[in-house]
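As a plain string of letters, each chain reads:
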Amino acid sequence: MTAPRPLFVAGPRGIRVTVRLTPRAGRNAVTGRAADADGAPLLKATVTAVPERGAANEALVALLAKSWRLPKSALAIIGGATDRTKLIEIDGDAALAARLEAWAEALAAKG
């Protein structure tokens, strides 16, 4: 059996993670891990904001920054701005990627 693919991957300018966002939810939360149709790992999140004028994207960035204890300026949506599946780039290095992977594993263990 092969090891699961990492959720957080080093990119050209930082760490990248794919997020599946559900807007208009009952609460703002990171709800777990999942896999897309190709088996690539992604993070699932919900926000109460509506997907209009970037409100849901802003809420997602704020949620992730708070969850990861990073400044909002350290995160950027670099793909999927108008889709439910977003590509997020995080300013950071391999040590931060390892910390975020540990965070995601703890999240999976909780829920």
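Residues numbered from 1 in each chain as written. Predicted model: local features only at pLDDT ≥ 70, side-chain atom pairs only at ≥ 80, totals over all residues. Heavy atoms only, no water.

(A) Main features of the overall build of the chain. Helix and strand content of the chain: 2 helices and 6 strands. Listing every helix and strand of the chain by position from the N terminus yields β-β-β-β-α-β-β-α. The globule rule puts the C-alpha radius of gyration for 111 residues at 13 Å, and the 13 Å found for the chain is close to it. For the chain, the spread of C-alpha atoms along the three principal axes comes to 40 × 25 × 25 Å. Looking at the 111 residues of the chain, the share that counts as buried comes to 36%. A fraction of 55% describes how many contacts in the chain between residues 6 or more apart in sequence connect residues 24 or more apart. (Helix = DSSP H or I, 4+ residues; strand = E, 2+ residues; numbered from the N terminus. Rg over C-alpha atoms; globule rule 2.2 N^0.38 Å. Buried < 20%, exposed > 50% of the residue type's maximum accessible area, 1.4 Å probe, protein only. Contact = heavy atoms within 4.5 Å.)

(B) Seen up close, the side chain of Glu89. Within the secondary structure, Glu89 is located in strand E6 (residues 85–90). Among the polar contacts made by the side chain of Glu89, one reaches the side chain of Arg16 at a distance of 3.1 Å. (Polar contact = N/O pair within 3.5 Å; in protein donor to acceptor, adjacent residues only side chain to side chain.)

(C) Layout of helix H2 (residues 94–110). Given a rise of 1.5 Å per residue, 17 residues ought to cover 24 Å, and the 24 Å separating the end C-alpha atoms of H2 matches this to within 8%. Buried residues of H2: Leu96, Ala97, Leu100, Glu101, Ala104 and Leu107, and no others. The buried residues of H2 all sit within an arc of 140° when viewed along its axis, so they share a single face. Of the residues in H2, the exposed ones pointing more than 90 degrees away from the buried face are Ala94, Ala95, Glu105, Ala109 and Lys110. The backbone nitrogen of Ala95 lies 3.2 Å from a side-chain oxygen of the residue at the head of H2, namely Asp93. (Expected span 1.5 Å × (residues − 1). Arc of directions from axis to C-beta.)

(D) Spatial organisation of helix H1 (residues 55–68). With 14 residues, H1 extends 20 Å from end C-alpha to end C-alpha; this agrees with the ideal 20 Å at 1.5 Å per step. Residues of H1 that are buried: Ala56, Asn57, Ala59, Leu60, Val61, Leu63, Leu64, Ala65 and Trp68. Of the surrounding secondary structure, the elements contacted by the buried residues of H1 are strand E2 (15–22), strand E3 (29–35), strand E4 (41–46), strand E5 (75–79), E6 and H2. Positive phi shows up at Arg69, right after H1, with a value of about 55°.

(E) Summary view of the packing of aromatic side chains. For the structure on display, the rule yields 2 aromatic pairs. Both rings, one in Phe8 and one in Trp68, keep their centres 5.5 Å apart while their planes meet at 75°; by these two values the pair is edge-to-face. Highlighted residues: Phe8 in the segment before strand E1 (9–10) and Trp68 in helix H1, separated in sequence by 60 residues. The exposure classification of Phe8 matches that of Trp68, with both residues buried. Summarising the aromatic geometry, the rings of Trp68 and Trp103 are spaced 5.7 Å apart at their centres and angled 90° between planes, so their arrangement reads as edge-to-face. With Trp68 in helix H1 and Trp103 in helix H2, the pair connects residues that are 35 residues apart, well separated along the chain. On the basis of relative accessibility, which here comes to 1%, the residue Trp68 falls in the buried class. (Phe/Tyr/Trp six-rings, centres within 6.5 Å; stacked < 30°, edge-to-face > 60°.)

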